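# Descriptive analysis of the structure
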Amino acid sequence: MENGSIQNQMGLVAYNFEPELTVQELEDRNRAALASSEAVVQTLDEWCECGNCQEMPSLEENVCCRVSDLVLPNLEDHNCITMHHSYDTLILNSDVLALAYIQMMIHSRLVAYRQFICWMLKGENLGKGRRVVIPSCVVKDIRDSFPENNNDYTGFQAAIDVRELFC
């Protein structure tokens, strides 16, 4: 079933319940975004160390699992997090995701992203306005396993303070 139709049927929207940011947090994000926009563009071979990544739409998303602070504590002796013995079961197993789907009532690909973050953070809550970039190899693998019908993916979105949009 297409992601949009699930969202329409259930009234669910990805990132819909994210907490709002303070003005200071927004200013910090703007400074960080400006700094990252001035970064030098690297080729896939220059930034991917695991050999399983793909080019992503933004520089911010071009992150390999082997340099991700989110993943490093869990990488163990694997070359890529997608090779971890628990990865297929926790992130790509449709039965596990179906149960998570029932619990979360959202599309399997989104459940897989959240499942990965939960696994990496050992259940620790990200907290207000804190989002993490999932390594490219994981995004690629999840998208390959649960493709969007029209290949139209949203990609990473930084948290925003909706109060600032109306002031």
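The structure under discussion appears in the preceding block.
Keep in mind the model is a prediction, meaning the values are calculated, not measured.

Here is what the cut-offs are and how they apply
- Residues numbered from 1 in each chain as written.
- Predicted model: local features only at pLDDT ≥ 70, side-chain atom pairs only at ≥ 80, totals over all residues.
- Heavy atoms only, no water.
- Core = buried A, V, L, I, M, F, W, Y, C linked by side-chain atoms within 4.5 Å.
- Buried < 20%, exposed > 50% of the residue type's maximum accessible area, 1.4 Å probe, protein only.
- Helix = DSSP H or I, 4+ residues; strand = E, 2+ residues; numbered from the N terminus.
- Contact = heavy atoms within 4.5 Å.
- Salt bridge = Lys/Arg side-chain N within 4 Å of Asp/Glu carboxyl O.

## With respect to the nonpolar core
Counting 33 residues, the largest nonpolar core has Cys 65, Ile 81, Phe 116 and Ile 142 as its most contacted members. It is helix H6 (residues 108-120) that contributes the most residues to this core, eight residues altogether. Phe 116 has contacts with Leu 70, Val 71, Ile 81, Tyr 87, Ile 91, Ile 134, Pro 135 and Val 138, leaving out every residue within four places of it along the chain.

## A few points about the pattern of salt bridges
Taken as a whole and judged by the stated rule, the model has two salt bridges. The salt bridge involving Glu 124 is made with Arg 130; its shortest N-O contact spans 3.8 Å. For Glu 124, a relative accessible area of 46% puts it in the partly exposed group.

## Looking at helix H7 (residues 136-145)
Taken residue by residue, H7 has Ser 136, Cys 137, Val 138, Val 139, Ile 142 and Arg 143 as its buried positions. Here the buried face of H7 lies against helix H3 (44-47), helix H4 (87-92) and H6.

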